[in-house]
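Structural overview for review
So you can see what is in the structure, the chains are spelled out below.
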Amino acid sequence: QSICQKAIGPAFADLGPLSLGIGVDYGVAGVGCVGIRNNKKIVFFGDAANNAAKLQDIAGEGETVLSAMAQFMRPTYLKDQSWKPTYETLATGTIIFRYKQIFAGSGENPAKPRR
């Protein structure tokens, strides 16, 4: 969201306002290259990647949607500023967290493992 708001959006301002929705899940995912010759794409696969794609589909403009596991496992150096996410339970029973703001670093070392 930060890059979109601060760099990409202004660079393409002549095309109109630019906004995106982000979906985040936590779990095991694989990455691979599919396609042939000059038509290759990098793709992510696995449950976490599929769930993140589904969360992206329900994210509104400028919104970041986290699964309950991603919210729980969020690194300690990412903090909620003065705002709180809204949360909801989907028809499937899945709990999600919606953020309308961007994450900010807390100043801690990102490489420090969470305990």
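What counts and what doesn't
Residues numbered from 1 in each chain as written. Predicted model: local features only at pLDDT ≥ 70, side-chain atom pairs only at ≥ 80, totals over all residues. Heavy atoms only, no water. Pairing = 2+ DSSP bridges. Helix = DSSP H or I, 4+ residues; strand = E, 2+ residues; numbered from the N terminus. Axes fitted to C-alpha atoms, helices over the stretch in contact; angles between N-to-C directions. pLDDT = per-residue confidence, 0-100.

A separate point is the pairing of strand β6 (residues 86-89). Across four bridges, the pairing between β6 and strand β7 (residues 95-99) is antiparallel. When the bridges of β7 are listed, T89 appears paired with I95. Where β6 folds back onto β7 in an antiparallel hairpin, the turn is made up of five residues, including G93, whose phi is positive at roughly 95°.

Turning to the sheet that holds strand β1 (residues 22-24), a few remarks are in order. Taken in spatial order, the four strands of this open sheet run β1-β4-β7-β6, and their pairing is mixed. The open sheet terminates on both sides in strands that have one partner only, identified here as β1 and β6. Across this sheet, the average inter-strand angle for adjacent strands is 25°, counted without regard to direction. Looking at chain direction, strand β4 (residues 64-67) and β7 are connected through four bridges and run antiparallel. Within β7, the residue paired with L66 across the bridge is F97.

Right, let's get into the confidence of the model for the protein chain. Looking at the protein chain as a whole, its pLDDT mean stands at 77, while 79% of the residues score no less than 70. Confidence, expressed as mean pLDDT per element, reaches its minimum in the protein chain at strand β8 (residues 104-105) with 48 and its maximum at strand β2 (residues 30-36) with 91.

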